[in-house]
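A structural walkthrough
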Amino acid sequence: MVKSMTGYGIAQFEDDQLSISVEIKTLNSKFLDCAAKLPKEVSIYENEIRKIIGDKLVRGKANFTIEVSFKSGVNSSPTVDQEVFDHYKAEFSNAAGDMKITDADLYAQIMKMSDVLVLKEQDTNSMLDKAKVLELTEQAIDQCDQYRIDEGKSIEEAMIGFGKNIAITLEAIKKRNPERIENIKSRINASLEELESSEKADPNRFEQELIYYIEKLDISEEFVRLGNHIEYYQETLASSDSQGKKLGFISQEMGREINTIGSKANDSEIQRLVVEMKDELEKIKEQVLNIV
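Throughout what follows, the structure given in this document is the object of discussion. (Residues numbered from 1 in each chain as written. Predicted model: local features only at pLDDT ≥ 70, side-chain atom pairs only at ≥ 80, totals over all residues. Heavy atoms only, no water.)

**Observations concerning the overall build of the protein**
Scanning the protein for helices and strands turns up 8 helices and 6 strands. Counting from the amino terminus, helix and strand elements in the protein follow one another as β-β-β-α-β-β-α-α-β-α-α-α-α-α. Residues counted as buried form 35% of the 292 residues belonging to the protein. Long-range pairs, those at least 24 residues apart, make up 82% of the contacts in the protein between residues at least 6 apart in sequence. Roughly 17700 Å² of accessible area belongs to the protein as shown, and the carbon and sulfur atoms make up 50% of that amount. (Helix = DSSP H or I, 4+ residues; strand = E, 2+ residues; numbered from the N terminus. Buried < 20%, exposed > 50% of the residue type's maximum accessible area, 1.4 Å probe, protein only. Contact = heavy atoms within 4.5 Å. Areas by Shrake-Rupley, 256 points an atom, 1.4 Å probe, with all protein chains shown as cover.)

What follows is the structure in structure tokens.
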């Protein structure tokens, strides 16, 4: 299974006191890089939130945001400042003197004063349920993970095709190889005939050079190794876990064998086929950068 590093998830909750929105966006990164933007009421849960993100997302650059909004009238409630109330009561009573004034009238006058009523902040932390915050976090991350899986399906399909194209081209090179060998033999025989007519020729030295030349141009081992790498590549794509790093290493090994075949080929047709394999391999490397 292939899982993309690009993902998005959101989870929301609302009641008569507050609303919570949890959002996460992920992009490519070699390692897990999480930037969390949390309100002060949620910051005490940051370590637990980061652990949930790390356990589920594994790799990628993650931008994680939680927004908490308290409903009107919840954040604060008006209360009487008793000290100010008592102050006005004493002042009004003294000012009234011998005038007959009821407690109700006195109270009505005091409550008209703007500084008697104050807004007292409520403890908003007590309104936030930790379990709900973590539940929403998991919902958003699960949605993001599913997004990654869905994106990964199209990437996997493309990568399987790239691997098959390399395998097909490798078979074409194998078919071409006998003709390549015959062409090399023809060139060697022509050189032999030229040497036979030369009095300065050293047969022993020529034989040593010939053996070295033949070994240098032999690409049968590269065929086997590249075939094994392609097989391992396809097996890794089909595994239950997304393994972007492993696929990156395999593609590097495939590249080494392809380059060696090209350098040893000494044949224009095979070198053309090698270029085709390199083109498919570059497509693989581009996609590997976006795989978890």
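**Let's talk about the layout of surface pockets**
For the largest pocket, the calculated volume is near 350 Å³. Lining the largest pocket are 13 residues, and of these Lys30, Arg59, Gly248, Val288 and Leu289 sit closest to its centre. Going through the elements one at a time, α7 (244-265) and α8 (268-288) are the ones with two or more residues in the lining of the largest pocket. No other element matches the 6 residues that α7 contributes to the lining of the largest pocket. Partitioned by chemical class, the residues of the lining of the largest pocket number 4 nonpolar, 5 polar and 4 charged. (1 Å grid on protein atoms, 1.4 Å probe; cavity = no way out; pocket = protein on both sides within 12 Å on 5 of 7 lines; lining within 4 Å. Points joined across faces, edges and corners; volume = space filled by probe spheres on them. Nonpolar A, V, L, I, M, F, W, Y, C, P; charged D, E, K, R; others polar.)

**Side note on the sheet that holds strand β3 (residues 32-37)**
Taking strand neighbours across the sheet as the criterion, the 4 strands line up as β1-β2-β4-β3 in an open arrangement whose pairing is mixed. Strands at the two margins of the open sheet, each flanked by one partner only, are β1 (7-14) and β3. Across this sheet, the average inter-strand angle for adjacent strands is 10 degrees, counted without regard to direction. Across the face of the sheet, helix α1 (residues 46-57) comes into contact with β2 (18-27), β3 and β4 (60-70) while running at roughly 145 degrees to β3. (Pairing = 2+ DSSP bridges. Axes fitted to C-alpha atoms, helices over the stretch in contact; angles between N-to-C directions.)

**Focus: the pairing of β2**
Pairing between β1 and β2: 8 bridges, direction antiparallel. Counterpart to Ala11 in the pairing with β2 is Val22. Hairpin connection, β1 to β2: the antiparallel pair is bridged by 3 residues. Note that β2 and β4 share 10 bridges and pair antiparallel. Counted as the bridge partner of Val22 is Ile66 from β4.

**Quick notes on the packing of aromatic side chains**
Aromatic ring pairs are reported here in terms of the distance separating the ring centres and the angle at which the planes meet. In total, this model carries 2 aromatic pairs according to the counting rule given. Ring centres of Phe85 and Tyr107 lie 5.9 Å apart, and the angle between their planes is 55 degrees; on these two criteria the pair is classed as tilted. With Phe85 in helix α2 (residues 82-96) and Tyr107 in helix α3 (residues 103-111), this pair connects stretches of sequence that are 22 residues apart. (Phe/Tyr/Trp six-rings, centres within 6.5 Å; stacked < 30°, edge-to-face > 60°.)

**A word on the environment of Leu117**
Within the secondary structure, Leu117 sits in strand β6 (residues 117-121). The exposure class assigned to Leu117 is partly exposed, which follows from its relative accessible area of 43%. Separated by 35 residues in the primary sequence, Leu117 and Gln82 have C-alpha atoms spaced 9.2 Å apart. Not counting residues within four places of it along the chain, the set of residues in contact with Leu117 comprises Thr79, Val80 and Met111.

**Examining the packing of α7 against α8**
Axes are the key here: two packed helices are described by the angle between their axes and the distance separating the axes. Packing of α7 against α8 leaves a shortest axis separation of 10 Å and a crossing angle of 165 degrees. Taken together, the axis directions place α7 and α8 in an arrangement best described as roughly antiparallel. As α7 packs across α8, the resulting crossing turns out to be left-handed. Facing α7, whose interface residues are Gly244, Leu247, Gly248, Ser251, Met254, Gly255, Ile258, Asn259, Ile261, Gly262 and Ala265, α8 presents Ile270, Gln271, Val274, Met277, Lys278, Leu281, Ile284, Lys285 and Val288. (Parallel < 35°, antiparallel > 145°, perpendicular 65-115°, else oblique. Left-handed = near helix turned anticlockwise from the far one by under 90°.)

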